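Residue-level listing of the chains:
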Amino acid sequence: MNIYGIVIFIALLVDYALHTVSETLNVRALDRHPPDTMASLYGSEALDRARRYIRAVTTQSTLERTVVLLVLLAFWFAGGFEWLDVLVRQWFTSELARGLVYIGLLIFGYILLSMPFDVYGTFVTETRFGFNRTTWQTFLSDRVKGLLITATIGGALLSGILLLFIHAGNIAWILCWLVVVVFSLVTQWLGPALLLPLFNRFEPMREGDLKESIMQYARSVRFPLQNVYVVDGSRRSSKANAYFTGLGRQRRIALFDTLIDRHSIDEIVSVLAHEVGHFRLRHITKGLVLGTVHAGVAFFLLDFFLGQPGLYQAFYLSQSSVYTGLVAFGLLYTPVETGLSIGANLISRRHEYEADRFAVNTAPQPGSLPTALKTLHVSNLTHPNPHWFHVFLNYSHPPLARRLEAIDEQLKLRHANA
Ligand SMILES: [Zn+2]
């Protein structure tokens, strides 16, 4: 094994260890008594259920990560990457076709490997805790649709990247960067309107008090809002959610039917105010800018490493090609990804505090925000007192206790200024 192989091997192990340690610490934190506010919020029965749920989910994710890592290492050291390359070289003469099939088969293998965990999670764990409402039919059709969409859209994008790196020489990475940025803007813009309806039914919200309150709030903060949709989230899960998607005129707010069932109008408006906060504070634009910079750096590095024979030798590949280089680079890039996602989570948590502050300052009944968050967390059985290291590594949202404290302070400020 050469230096590339050693670096990638160690990076994979470190990445695995980091996540396993954080999950272990997080499960152990369940044994500690949560802060009094959390304990009284959950009540002993929900607290017990949350503990059992988190243990079950964590065991499953640790097991899945372990299996995936072991299979990857076995495939690598048994010369799997070279074996597959020899096969596709026999089947096809064009490098594009070889690349699409090579990468497609690896992704398909990964999907097959994670499928049992997916099935177990949905039909055993989520069912045991009363969340799952998916039928086998919906589950299967979801997966088939997802696969077809990934194959079509991902295949087109991958073809573009492979062709550019095969033919465009020195400027390939810049052109790829452009393609990916344009592609991600178009999917953000049109994707929600075109793709989401394949999975869920979006119905315009009926006229009534709720819609009137939502529109009135939108007007009060001068937020152009044409469409409010109700999504049939209850077809799959009893967990509640709300989200904004799309850019410009395609922008839509979607409220899960499960959210509407369980929350008062004031609570729903304050959740909506939080989401409007993300828009107003340009969190979405900031995310796009960061994503653009990230893609540029990644393609620049990819361009450099594709020219390094050592990278191919590390995977026992006898011939170099753009597609095998792409896969090898993907693995080399794992620790960078982990570091970047820690940074992205850090920014995201800060954005959550900012959006909460916006909601407290603009919602007509800001006191409803904490009430709504409490119901959401308790009914979704989130961890009452997550370990800080787990939060640092994985949480895109601050833990509930911290969020409630910050909201409380902001509410006091608003009252003092009123
Ligand atoms: Zn948010």
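Rules used in this analysis
- Residues numbered from 1 in each chain as written.
- Predicted model: local features only at pLDDT ≥ 70, side-chain atom pairs only at ≥ 80, totals over all residues.
- Helix = DSSP H or I, 4+ residues; strand = E, 2+ residues; numbered from the N terminus.
- Buried ≥ 20, exposed ≤ 12 C-beta atoms within 10 Å, placed from the backbone.
- Contact = placed C-beta atoms within 7 Å.
- Domains from an automatic or database assignment.
- Core = buried A, V, L, I, M, F, W, Y, C linked by C-beta atoms within 7 Å.
- Expected span 1.5 Å × (residues − 1).
- Arc of directions from axis to C-beta.
- Axes fitted to C-alpha atoms, helices over the stretch in contact; angles between N-to-C directions.
- Parallel < 35°, antiparallel > 145°, perpendicular 65-115°, else oblique.
- Nonpolar A, V, L, I, M, F, W, Y, C, P; charged D, E, K, R; others polar.
- Pairing = 2+ DSSP bridges.
- pLDDT = per-residue confidence, 0-100.
- Left-handed = near helix turned anticlockwise from the far one by under 90°.

Draft legend 1. Inspection of the environment of L12 at higher detail. Of note, L12 is situated in helix α1 (residues 3-29). Overall, the presence of 18 C-beta atoms within 10 Å leaves L12 in the partly exposed class. Look past the residues within four positions of L12 in its chain and what remains in contact with it is L69 and T334.

Draft legend 2. A look at the domain arrangement of the chain. On domain assignment, one finds that the chain holds domain 1 (3-132 + 295-417) and domain 2 (202-262). Measuring from the centre of the C-alpha atoms in domain 1 to the corresponding centre in domain 2 gives 28 Å.

Draft legend 3. The arrangement of the nonpolar core in detail. The biggest cluster of nonpolar side chains holds 27 residues, and the ones touching the most others in it are L255, V269, L272, A273, A359, A363 and L369. Elements with a contribution of two residues or more to this core: α7 (209-220), β2 (228-231), β4 (252-256), α9 (265-280), α13 (334-362), α14 (368-379) and α16 (400-417). When residues of this core are assigned to domains, at least three map to each of domain 1 (3-132 + 295-417) and domain 2 (202-262).

Draft legend 4. Geometry of the environment of T20. As for its placement among the helices and strands, T20 is situated in helix α1. The exposure class of T20 is partly exposed, given the 15 C-beta atoms found within 10 Å. Expressed as a C-alpha distance, the spacing of T20 and H390, which sit 370 residues apart in the sequence, is 9.7 Å.

Draft legend 5. Spotlight on helix α3 (residues 80-91). Look at α3: 17 Å from first C-alpha to last across 12 residues, which is about the 16 Å you get at 1.5 Å a residue. Burial in α3 covers these residues: F81, D85 and V88. For α3, the arc enclosing every buried residue in end-on projection is 70°, short of the 170-degree limit, so these residues lie on one face. Structural note: α3 exposes W83, V86 and Q90 on the side pointing more than 90 degrees away from its buried face. Those residues of α3 that are buried lie in contact with α2 (36-77), α4 (95-128) and α12 (322-332).

Draft legend 6. Inspection of helix α10 (residues 283-306) at higher detail. Compared with the 34 Å implied by 1.5 Å per residue over 24 residues, the 34 Å span of α10 between its first and last C-alpha is a close match. Along α10, the residues classified as buried are A298, F299, L302 and L306. Taken together, the buried residues of α10 touch α5 (136-167), α6 (172-194) and α12.

Draft legend 7. Representation of the packing of α9 against α14. Interhelical geometry of α9 versus α14 gives an angle of 95° and a closest axis separation of 8 Å. Here α9 lies roughly perpendicular to α14, going by the angle between them. Residue-level inspection shows D266, E267, S270, V271 and H274 of α9 in contact with α14, the latter providing S368, L369, T371 and A372. Split by residue class, the contact of α9 with α14 holds 3 nonpolar, 4 polar and 2 charged.

Draft legend 8. Region of interest: the pairing of β4. The element β4 is largely enclosed, with a buried count of 4 among its 5 residues. Across 4 bridges, the pairing between β2 and β4 is parallel. Following the sheet pairing, V231 is matched in β4 by F256.

Draft legend 9. A look at the pairing of β2. Bridge count between strand β1 (residues 202-204) and β2: 3 bridges; the pairing is antiparallel. Directly across from E203, in β2, lies its bridge partner V230.

Draft legend 10. Focus on the confidence of the model for the chain. In this model, the chain carries an average pLDDT of 87, and 96% of its residues clear a pLDDT of 70 or more. For the chain, per-element mean pLDDT is lowest for strand β3 (residues 242-245), which scores 68, and highest for α3, which scores 94.

Draft legend 11. Region of interest: the packing of α6 against α10. The geometry of α6 relative to α10 is characterised by a closest axis approach of 9 Å and an angle of 150° between their N-to-C directions. By the angle between their directions, the pair α6 and α10 is classed as roughly antiparallel. Handedness of the α6/α10 crossing: right-handed. In contact with A172, W173, C176, W177, V180, V181 and S184 of α6, α10 contributes G291, T292, A295, G296, F299, F300, L302 and D303. Its residues assigned to classes, the contact of α6 with α10 shows 10 nonpolar, 4 polar and 1 charged.

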